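Chain and residue survey
Take a look at the letters that make up each chain.
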Amino acid sequence: MSSYLEANARERLALFDSFEEFIGPAQRVVSPHLAQLNAPVAFDDGVVVGRATLDGLTVFAAAQEGGFMGGAVGEVHGAKLVGLLRRAALDRPAAVLLLLETGGVRLHEANAGLIAVSEVMRAVLDVRAAGVPVVVLIGGSNGAFGGMGIVARCANSLVISEEGRLAMSGPEVIETASGVEEFDSRDRALVWRTTGGKHRYLMGDVQRIVEDSISAFRQAALDAIEEASSGTVELTLAALEAEQAMLEQRIERFGGLRDPAEVWAALGVAAPHDIPMLDIDSFTAAAGPCRLGA
């Protein structure tokens, strides 16, 4: 079994049958800002974009490199993602797959990074409006945080592993802003209970949870494409209103609870404190109808 977590961005492309990169390493399209700050640059600015085949389907795909600045998005990095998405809206592939591993905006590039992430969000919605489903895969050690966490939730479907994480603000950010009493970023078990794949699956934030392997992500991506293509791909007002209602209900039900294990108990999960130790098959069986949106 090849670990998705341990693979880098280019190794994760093995889940495709073939991959054609749009902007190759030899072109060396790098950030214009990092060198001015005496910061290292990467020949692909930390993201690979291109056209791929997946079990006979033509798809567009992007893979972020968590080993370069934590996969953070700067001007060039964001422009590559936006370019891929805009081309997808024109070419209408079977789907767009975003293999995200990112801490969000690259602080070195400040406003340029913020603008880039906002453009990625808009482009994701434009792709969906064109009838092309967007599927996000999250299984890297950096998870998907910040603005790119929001981008992930703009997709049709999310696939995550137990090792993946998804949130708006990272643990260190929360602790800095609100104090260690609010959230202790050094408590790694708490961090994973709060932002990890199992909690996100139980809360209905992701549609699929898989074991940590490239083959498992591949099959889940195929299943997600098939499911999304058979439904309404475009984001509708009705879907937004339903999401808002669900979030309001979550706050009402769980807003006073302090630990995800308490939330799991409130959902009706038997032996909630055992959840972190379960393998994926045992976990999904235990989650069963307790999962929100099930």
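Above: the structure in question.
Let me sum up the structure you'll find in this document. (Residues numbered from 1 in each chain as written. Predicted model: local features only at pLDDT ≥ 70, side-chain atom pairs only at ≥ 80, totals over all residues. Heavy atoms only, no water.)

**Structural notes on helix α3 (residues 110–129)**
- Here α3 spans 29 Å end to end across 20 residues, near enough to the 28 Å set by a 1.5 Å rise per residue.
- Every buried residue of α3 is accounted for by Gly113, Ala116, Val117, Val120, Ala123, Val124, Val127 and Arg128. Projected down its long axis, α3 carries its buried residues within an arc of 135 degrees, all on one side. Among the exposed residues of α3, those pointing more than 90 degrees away from its buried face are Asn111 and Leu114. (Helix = DSSP H or I, 4+ residues; strand = E, 2+ residues; numbered from the N terminus. Expected span 1.5 Å × (residues − 1). Buried < 20%, exposed > 50% of the residue type's maximum accessible area, 1.4 Å probe, protein only. Arc of directions from axis to C-beta.)

**Quick word on the packing of helix α2 (residues 75–91) against α3**
- Interaxial distance between α2 and α3 falls to 9 Å at its minimum, and their mutual angle equals 15 degrees. Between α2 and α3, the crossing angle belongs to the class labelled roughly parallel. Considering the relative orientation of α2 and α3, their crossing is left-handed. Here α2 contributes Glu75, Gly78, Leu81, Val82, Leu85, Ala88 and Ala89 to the contact with α3, which in turn contributes Ala112, Ala116, Glu119, Val120, Ala123, Val124 and Val127. (Axes fitted to C-alpha atoms, helices over the stretch in contact; angles between N-to-C directions. Parallel < 35°, antiparallel > 145°, perpendicular 65-115°, else oblique. Left-handed = near helix turned anticlockwise from the far one by under 90°. Contact = heavy atoms within 4.5 Å.)

**Quick notes on the nonpolar core**
- By size, the foremost hydrophobic cluster in this structure holds 52 residues, and its most contacted members are Val96, Leu98 and Leu267.
- Beyond its immediate chain neighbours, meaning those up to four positions away, Leu267 contacts Leu202, Met203, Arg253, Phe254, Cys290 and Leu292.
- If you look at the next biggest cluster of nonpolar residues, it comprises 27 residues, including Ala9, Ala63, Ala95 and Leu222. (Core = buried A, V, L, I, M, F, W, Y, C linked by side-chain atoms within 4.5 Å.)

**Comments concerning the packing of aromatic side chains**
- Scanning the entire structure with this criterion turns up four aromatic pairs.
- A cation over a ring is seen here: Arg165 above Trp192, with NZ or CZ 4.5 Å from the ring centre.
- We note Arg291 situated over the ring of Tyr201; from NZ or CZ to the ring centre the distance is 4.3 Å. (Phe/Tyr/Trp six-rings, centres within 6.5 Å; stacked < 30°, edge-to-face > 60°. Lys NZ or Arg CZ within 6 Å of the ring centre and 35° of its normal.)

**Topic: the side chain of Asp212**
- Summarising the element assignment, Asp212 is placed in the loop between β7 (208–210) and α8 (214–229).
- It is Arg12 that comes nearest to the buried, bridge-free Asp212 among opposite-charge side chains, at 7.2 Å.
- A polar atom in the side chain of Asp212 sits 2.6 Å from the side chain of Ser3.
- Here Leu5 takes part through its backbone nitrogen, which lies 2.8 Å from a polar atom of the side chain of Asp212. (Lys, Arg positive; Asp, Glu negative; His and termini not counted. Salt bridge = Lys/Arg side-chain N within 4 Å of Asp/Glu carboxyl O. Polar contact = N/O pair within 3.5 Å; in protein donor to acceptor, adjacent residues only side chain to side chain.)

**What to know about α2**
- For α2, spanning 17 residues, the distance from its first C-alpha to its last is 24 Å, which sits close to the expected 24 Å at 1.5 Å a residue.
- Within the sequence span of α2, burial applies to Val76, His77, Gly78, Lys80, Leu81, Val82, Leu84, Leu85, Ala88 and Ala89.
- Lining the buried residues of α2 we find β2 (47–54), β3 (57–64), β4 (95–100), α3 and α4 (146–153).
- Just downstream of α2, Arg92 is the residue with a positive phi angle, here 55 degrees.

**Some words on the packing of α3 against α4**
- At their nearest, the axes of α3 and α4 sit 10 Å apart, and the two run at 5 degrees to each other. In terms of orientation, α3 lies roughly parallel with respect to α4. Along the contact surface, α3 presents Val117, Val120, Met121 and Val124, while α4 presents Gly147, Met148, Ile150 and Val151.
- Taken together, the residues that form the contact of α3 with α4 break down as seven nonpolar, one polar and no charged. (Nonpolar A, V, L, I, M, F, W, Y, C, P; charged D, E, K, R; others polar.)

**Some thoughts on the pattern of salt bridges**
- Applying the stated criterion to the full structure yields 18 salt bridges.
- Taking the shortest distance from any N to any O, the salt bridge between Asp126 and Arg122 comes out at 3.4 Å. A residue pair is termed a helical-turn pair when its members lie 3 or 4 positions apart in one helix, as Asp126 and Arg122 do in helix α3 at four residues.
- According to the relative accessible area criterion, Arg122 is partly exposed, its value standing at 48%.
- One network of salt bridges, in which partners are shared, links Arg153, Arg200, Asp205, Glu243 and Arg250.

**Quick notes on the sheet that holds strand β6 (residues 157–161)**
- Read across the open sheet, the seven strands follow the order β1-β2-β3-β4-β5-β6-β7; overall the sheet is mixed. Where the open sheet ends on each side, the last strands, each with one partner, are β1 (18–21) and β7. Going across the sheet, the axis of each strand differs from the next one's by a mean of 25 degrees, ignoring polarity.
- With four bridges connecting them, strand β5 (residues 134–138) and β6 associate as parallel partners. Residue pairing in the sheet places Val136 in a bridge with Leu158 of β6. (Pairing = 2+ DSSP bridges.)

**Observations concerning the side chain of Arg128**
- Of note, Arg128 is situated in helix α3.
- The side chain of Arg128 is buried and forms no salt bridge, while Glu234, the nearest opposite charge, is found at 8.5 Å.
- A polar contact of 2.8 Å, which involves the side chain of Arg128, links it to the backbone oxygen of Val233.
- Excluding residues that lie within four positions of it along the chain, Arg128 makes contacts with Val134, Cys154, Ala155, Asn156, Val233, Glu234 and Leu235.

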